[in-house]
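Coordinates in review
Each chain, written out:
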Amino acid sequence: MQQEGSYRRSRFMQQSLIMIHWWLWICLCFSTSVLSDPPKLVGAPKDVDPNNPKVKQMAAFALGEYNKASKNGCTYEINNIIKAQEQIVAGVKYILTVAMKVKTCKKTETLKVQRKKKLLKCTFEVLEQAWRNSTQMLKSKCH
């Protein structure tokens, strides 16, 4: 009788250990999958290749709008596209970080002063709505 009770306890311990190992394995698998690949938010901006032709097209559009609005008599050119993102909204919003330099100025002395400055870093937000044949500058911030 005592041997049978000992056998039951031993069997219970084995089953308990198996269950503990099973739960630890499940927890480990779940935590690894959750921590290694965070969920992507639907509609959030995503990084895109700055050399993508569409990104370059949107950067050129933003540059044209920036130059039209420039009040210092200078026009700028893009030195390079630092970062590009796109976000699906009511169309595609491009968020572009670019480095720009002075190309021309109406006054020679202004051009000399502007060229001494370092590159201008700008962030542009451009919305393209292809079905409307519409592209517009939403935001422009330079420093």
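Relevant structure appears above.
Predicted, not measured: the structure shown is a model, and the values here were computed from it.

A tally of regular secondary structure across the protein gives three helices and five strands. Reading the helices (α) and strands (β) of the protein from amino to carboxyl end gives α-β-α-β-β-α-β-β. Counting every position in the protein, which comprises 143 residues, the buried fraction comes to 27%. Of the contacts made within the protein by residues no fewer than 6 positions apart, 55% connect residues no fewer than 24 positions apart.

Let us look at the sheet that holds strand S1 (residues 46-48). Within a sheet, adjacent strands bond to each other through the backbone by hydrogen bonds, running parallel or antiparallel. Judged by pairing direction, the sheet is antiparallel, and its five strands sit side by side in the order S1-S2-S3-S4-S5 without closing on themselves. A single partner strand is all that each edge strand has here, and the edge strands are S1 and strand S5 (134-142). Recorded for the sheet is a direction-independent mean angle of 30 degrees between the axes of neighbouring strands. Pairing geometry for strand S2 (residues 74-89) and strand S3 (residues 91-105), over 14 bridges, is antiparallel. Counted as the bridge partner of Glu86 is Tyr94 from S3. Where helix H2 (residues 53-69) meets the sheet, its contacts fall on S1, S2, S3, strand S4 (120-129) and S5, and the angle it forms with S2 comes to roughly 125 degrees.

Now for the packing of aromatic side chains. The tally for this structure, following the rule as stated, stands at two aromatic pairs. Taking the centre distance of 5.6 Å and the plane angle of 70 degrees together, the rings of Tyr66 and Tyr76 count as edge-to-face. A residue pair is termed long-range when its members are at least 10 positions apart, and Tyr66 in helix H2 and Tyr76 in strand S2 qualify at ten residues. The class for Tyr66 is buried, based on a relative accessible area of 18%. With a relative accessible area of 7%, Tyr76 lands in the buried category. Relative to Phe124, the ring of Tyr66 lies with its centre 5.9 Å away and its plane at 55 degrees, an arrangement referred to as tilted. Of this pair, Tyr66 sits in helix H2 while Phe124 is found in strand S4, placing the two residues 58 residues apart along the sequence. Among the aromatic side chains, those forming a connected cluster through ring pairs are Tyr66, Tyr76 and Phe124.

About the cut-offs
- Residues numbered from 1 in each chain as written.
- Predicted model: local features only at pLDDT ≥ 70, side-chain atom pairs only at ≥ 80, totals over all residues.
- Heavy atoms only, no water.
- Helix = DSSP H or I, 4+ residues; strand = E, 2+ residues; numbered from the N terminus.
- Buried < 20%, exposed > 50% of the residue type's maximum accessible area, 1.4 Å probe, protein only.
- Contact = heavy atoms within 4.5 Å.
- Pairing = 2+ DSSP bridges.
- Axes fitted to C-alpha atoms, helices over the stretch in contact; angles between N-to-C directions.
- Phe/Tyr/Trp six-rings, centres within 6.5 Å; stacked < 30°, edge-to-face > 60°.

Shape descriptors only; they carry no functional weight alone.
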